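Here is how the chains run, residue by residue.
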Amino acid sequence: MDLEILKDFNSYTNNKWQLKSFDERQAELIIQKFDTSYLIAKLFSIRQISVDDISSYLNPTLKDNIPDPNILVDMDKACERLLAAIKNKEKIAIIGDYDVDGSTSTSCLIKYFKSINVEVIYHIPDRFSEGYGPNKKTFQSFKDQNINIIFTLDCGTVAYEEIKFAKENCMDVIVIDHHQAEINLPEAYAMINPNRLDDTTKLGYLAAVGVTFMFIIGLNRKLRENNWFNDSLKEPNIIALLDMVSLGTICDVVPLIGINRLLVQKGLEVFSKNSNTGLAALIEKANISNKISTYDLGFKLGPRINAGGRLGKSKHGTELLTSEDSLEAKKIAAELDNFNKERQTIEAHILKSAIESLTAEQLEKKIIFAFGQDWHEGVIGIIASRIKQKFNKPCIVFSSKNGIAKGSGRSVKGIDLGNLIIAATQKGIITQGGGHAMAAGLTIDEDKISNLQDFIEGRLAGNESLSENIENYADSIINISAINTELYDDINQLGPFGSNNEEPNFIIKSTKITFIKEFGDNHIRCGLNSDIDKNVEGIAFRSKNTPLGDAIMVNKGKQVSLYGKIKVNEWGGRRIPQLHIEDIGKEIK
């Protein structure tokens, strides 16, 4: 019945609405065993969570679900090396990426080493003067400081020359990364990367900070087995690091499944203790007063930490996350907040230029390329993400200077951009590049950009993941009167939500828009009325002067159908249910 009413349905913004499929029989079994509502049983079935797995899914434990770290290739070898280094008081250095995943990975390792009285130095490369990953100049600096072991975190998988240089200078490099690897690996002492081709753990979905946490578990166990901890040196509480692990995991948009979901769930619990001085300062600066959510991590905390790296202050994120001085932390948090505001201004200007530069011919291609001279390299990744969202196609945005272009790309589900970039690098089209399924970065001669696009277009020929029309998939059709705080709490049993564990979307067949009010930065608030005269608040973010916002405006006082997510706004001790509107169509009868 529900499938039939959506058969020829197109929304006012010309999107198709579809219902996700589920197993009716499985849903009935879930209801019988767990006494859930039909809707919640349906959500479990849609996510293909079996009846036998639901109990552990709802109440997972780290003890029962975190695998032995040594299943990762080179893990035990790296832990043994560190045990010897700690015993012999060897000097250790860390180089980390400048994004949130890199900053949290670096901060976790720094804080762990500090907790066991091991001194380390670290370096976060400057995005503009050094670029991504390790470089010989930094490694030479480490050599000059008599460093014995170098960790590369969230980078290093393709740093062939740099790691060879370190080896020739008697420094052991331990790579902890998650980016796509080639067949031949650098000459690192240890390469802990679940995406190396000989790794069979199926943990390639971990962010670098997740792999780093696995290393910390392995090293901590190795020290315990060797009776390193005693009355004067207590075994550290590594669970306390999970706030940073959850932050890096969410911000790197890796699949929120398996271990990742568990790490984020437990990390959100650690956030509630407010034990990290730097994060506490940033939470205050971001005006987050309610219980921390994955949305807060991805859209409030993450962008502020990233802003430092984007605008030339690459160490700010790590300095904040490792700070134990509240005054210093508040100062860094304020600076990151200002950087983020500056980033937003730059981003808006370049996004406008990028979209205006796109020709009809470019928009017909399977991957969109946008190109500009001297565009700010710190925001081109965000621009690529915005264009991808607007046109539902993978996108790479390039900034060129003196004939050399830096590119940053974002992909859509079903297209592994990291693999495409590695393939193009192996073909000699790209000077340097890498990434993972959903994001990639590269350096290329400006005159080879068209060659790269032709190469990727050829690789994507016949790919069915790309569609001209956006299809909005809903978990169920519900009445507006069903939206309340109890339903919201029930739905969130399946969380935390993120990539590959998407927050449920719902279709409201019929509701009347009773009032409309603009607020904030191009947002729209409206009243939604049900057939039993119940009012629910609707919010459409960043919708002013968009097809969605225009459609809401012209339908004031009319019956419409809506597509969106059920939320709760907590304010002043009250919990107010809302529908966050993502699409609008004619009333469905």
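Going by the structure above, here's the rest.
Residues numbered from 1 in each chain as written. Predicted model: local features only at pLDDT ≥ 70, side-chain atom pairs only at ≥ 80, totals over all residues. Heavy atoms only, no water.

> I'd like to hear about unusual backbone geometry, residue by residue, with values.
Here Gly 495 and Pro 496 are connected by a cis peptide whose omega angle stands at 0 degrees. Along the chain, the position of Pro 496 falls in the loop between helix 21 (485-491) and strand 14 (506-519). Positioned with a positive phi, Asp 74 is a non-glycine residue whose angle comes to about 75 degrees. Phi angles above zero are rare outside glycine, and Asn 227 is one such case at about 55 degrees. With respect to the secondary-structure elements, Asn 227 resides in the loop between helix 10 (208-225) and helix 11 (242-251). (Helix = DSSP H or I, 4+ residues; strand = E, 2+ residues; numbered from the N terminus.)

> Give a detailed account of helix 19 (residues 417-426), specifying residues and quantitative values.
With eight of its ten residues buried, helix 19 lies for the most part within the structure. When we look at burial in helix 19, the residues that qualify are Leu 417, Gly 418, Leu 420, Ile 421, Ile 422, Ala 423, Ala 424 and Thr 425. Summarising the contacts, the buried residues of helix 19 are in contact with strand 8 (395-401), strand 9 (404-410), strand 10 (432-436), strand 11 (439-445) and helix 20 (449-460). Between a side-chain oxygen at the N-terminus of helix 19 and the backbone nitrogen of Gly 418 the separation is 3.2 Å; the capping residue is Asp 416. Gly 428 sits one or two positions beyond helix 19 and adopts a positive phi of about 85 degrees. (Buried < 20%, exposed > 50% of the residue type's maximum accessible area, 1.4 Å probe, protein only. Contact = heavy atoms within 4.5 Å. Polar contact = N/O pair within 3.5 Å; in protein donor to acceptor, adjacent residues only side chain to side chain.)

> Go over the nonpolar core, please, and point to the residues and values.
Grouped together as the largest cluster of nonpolar side chains are 92 residues, with contacts concentrated most on Tyr 112, Phe 113, Phe 151, Phe 215 and Ile 387. Not counting chain neighbours up to four residues away, the residues in contact with Ile 387 comprise Leu 351, Ala 354, Ile 355, Leu 358, Ile 368, Ala 370, Asn 392, Cys 395 and Val 397. Counting residues in hydrophobic clusters, the runner-up holds 38 residues, among them Ile 40, Leu 43, Ile 49 and Leu 494. (Core = buried A, V, L, I, M, F, W, Y, C linked by side-chain atoms within 4.5 Å.)

> Tell me about the side chain of Asn 505, and please be specific about residues and values.
With respect to the helices and strands, the residue Asn 505 is situated in the loop between helix 21 and strand 14. Residue Asn 505 is classed as buried on the basis of its relative accessible area, which comes to 8%. There is a polar contact of 3.3 Å between the side chain of Asn 505 and the side chain of Tyr 563. Beyond its immediate sequence surroundings of up to four residues, Asn 505 is in contact with Tyr 473, Ala 474, Asp 475, Ser 476, Tyr 563, Gly 564, Lys 565 and Glu 582.

> Summarise the environment of Gly 312; cite the residues concerned and give the values.
Residue position: Gly 312 is located in the loop between helix 14 (294-310) and helix 15 (316-322). In this structure Gly 312 comes out as partly exposed when scored by relative accessible area, which is 29%. Residues within four places of Gly 312 in sequence aside, it is in contact with Asp 126 and Phe 128.

> Mind laying out the sheet that holds strand 2 (residues 92-96), listing which residues take part and the relevant values?
Reading across from one edge, 3-2-4-5-6 is the order of the five strands in this open sheet, with parallel pairing throughout. The open sheet has two edge strands with one neighbour each: strand 3 (120-123) and strand 6 (190-192). Mean inter-strand twist for the sheet, computed between neighbouring axes without regard to direction, equals 20 degrees. Pairing geometry for strand 2 and strand 4 (residues 149-153), over five bridges, is parallel. (Pairing = 2+ DSSP bridges. Axes fitted to C-alpha atoms, helices over the stretch in contact; angles between N-to-C directions.)

> How would you explain the side chain of Ser 400 if you had to name every residue and give the values?
Among the structural elements, Ser 400 can be located in strand 8. Excluding residues within four positions of it along the chain, Ser 400 makes contact with Phe 371, Gly 372, Gln 373, Asp 374, Ala 405 and Glu 446.

> Before we move on, can you summarise the sheet that holds strand 8 with the specific residues and values?
Within the open sheet, the five strands sit side by side as 7-8-9-11-10. Their pairing is mixed. Lying at the two open borders of the sheet, with one neighbouring strand each, are strand 7 (368-373) and strand 10. Averaged over all pairs of adjacent strands, the angle between strand axes in this sheet comes to 15 degrees, irrespective of strand direction. Here six bridges tie strand 7 to strand 8, and the two strands are oriented parallel to one another. Opposite Ala 370, over in strand 8, you have Val 397 as the bridge partner. The strands touched by helix 18 (residues 380-391) are strand 7, strand 8 and strand 9; relative to strand 9, the strand with the most contacts, the crossing angle is about 45 degrees. Across the sheet, helix 20 touches strand 7, strand 8, strand 9 and strand 11, and the angle it forms with strand 7 is around 170 degrees.

> Run through the pattern of salt bridges, naming residues and quoting values.
Pairing is possible between side chains of opposite charge, provided their charged atoms come close. According to the stated counting rule, one finds 29 salt bridges in the structure shown. Of the charged contacts in the structure, one is a salt bridge between Arg 47 and Asp 475, with a shortest N-O distance of 3.0 Å. One end of the pair, Arg 47, is in the loop between helix 3 (38-46) and helix 4 (54-58); the other, Asp 475, is in the loop between strand 12 (471-474) and strand 13 (476-478), with 428 residues separating them in the sequence. Judged by its relative accessible area of 0%, Asp 475 is buried. The closest approach of N and O atoms between Lys 341 and Asp 337, which form a salt bridge, is 3.4 Å. Of this pair, Lys 341 and Asp 337 both sit in helix 16 (residues 326-357), four residues apart, which is roughly one turn of the helix. Looking at Lys 341, the relative accessible area reads 47%, which means it is partly exposed. Among the charged side chains, a network of salt bridges with common partners joins Lys 20, Arg 47 and Asp 475. (Salt bridge = Lys/Arg side-chain N within 4 Å of Asp/Glu carboxyl O.)

> Describe the environment of Asp 64, naming the residues involved and giving the relevant values.
Residue placement: Asp 64 occurs in helix 5 (residues 62-65). Distance from Asp 64 to Ala 93, taken between C-alpha atoms, is 33 Å for residues 29 residues apart in sequence. A polar contact of 3.0 Å, which involves the side chain of Asp 64, links it to the side chain of Thr 61.

> Please set out the packing of aromatic side chains residue by residue, giving values where relevant.
For any pair of aromatic rings, the description consists of the separation of the ring centres together with the inter-plane angle of the planes. Enumeration over the complete set of coordinates arrives at ten aromatic pairs. Each ring, one from Phe 113 and one from Phe 151, has its centre 6.0 Å from the other, and the planes form 55 degrees; the classification is tilted. Within this pair, whereas Phe 113 is found in helix 7 (residues 100-115), its partner Phe 151 is found in strand 4, the two being separated by 38 residues in sequence. Comparing Phe 113 with Phe 151, the two get one shared label, buried. When the ring centre of Tyr 189 is taken as reference, the NZ or CZ atom of Lys 77 above it lies at 4.7 Å. Between Arg 525 and the ring centre of Phe 519, over which it is positioned, the NZ or CZ distance is 4.2 Å. (Phe/Tyr/Trp six-rings, centres within 6.5 Å; stacked < 30°, edge-to-face > 60°. Lys NZ or Arg CZ within 6 Å of the ring centre and 35° of its normal.)

None of this, on its own, says anything about what the molecule does.
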